[in-house]
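Listed below are the residues making up each chain.
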Amino acid sequence: MVKPDTQFSSYNFAVLSPRVIFRTGWQAHDQVTLQYSHWFDGALTTVRSGFPPKPDVTVIPDADMVSLSASMWW
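The structure contained in this document is the topic of the report that follows.

Conventions and cut-offs
- Residues numbered from 1 in each chain as written.
- Predicted model: local features only at pLDDT ≥ 70, side-chain atom pairs only at ≥ 80, totals over all residues.
- Heavy atoms only, no water.
- Helix = DSSP H or I, 4+ residues; strand = E, 2+ residues; numbered from the N terminus.
- Contact = heavy atoms within 4.5 Å.
- Polar contact = N/O pair within 3.5 Å; in protein donor to acceptor, adjacent residues only side chain to side chain.
- Phe/Tyr/Trp six-rings, centres within 6.5 Å; stacked < 30°, edge-to-face > 60°.
- Patch = residues over 30% accessible without salt bridge, like charges linked within 9 Å, V, L, I, M, F, W, Y side chains within 5 Å.
- Areas by Shrake-Rupley, 256 points an atom, 1.4 Å probe, with all protein chains shown as cover.
- Salt bridge = Lys/Arg side-chain N within 4 Å of Asp/Glu carboxyl O.

### Observations regarding the environment of His38
Relative to the assigned elements, His38 resides in strand β3 (residues 30–41). A C-alpha to C-alpha distance of 17 Å links His38 and Val59, two positions 21 residues apart in sequence. Aside from chain neighbours lying at most four places away, what touches His38 is Ala14, Val15, Leu16, Ala63 and Asp64. Here Ala63 takes part through its backbone oxygen, which lies 3.2 Å from a polar atom of the side chain of His38.

### Some points on the packing of aromatic side chains
Under the criterion given, the structure shown has one aromatic pair. Measuring from centroid to centroid gives 6.4 Å for Phe8 and Tyr11, while their planes differ by 80°, and the two rings are edge-to-face.

### Topic: a nonpolar patch on the surface
Judged by side-chain polarity, Val20, Phe22, Val32, Leu34, Tyr36, Val66 and Leu68 come together as a nonpolar surface patch covering roughly 660 Å² of accessible area. Those elements that place two or more of their residues in the nonpolar patch are β2 (19–22), β3 and β6 (64–72). With three residues, β3 is the single largest residue contributor to the nonpolar patch. On the secondary structure map, Leu34 appears in strand β3.

Set out below in structure tokens:
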């Protein structure tokens, strides 16, 4: 939960991000991660866009995201 303005709860937003990590073995040095994120935006949640970034109320933020990543280490 993020509260950028404590006086107005309409600016608040929260994110829920469960993920699953796949590995080839218990002590493996590689993994693949699948993650889903969903944002719960307040009515006045704003996005910063442009250069330099400024709040833009005309941009509607995405509510869902799926991420797939892989990593190896040794």
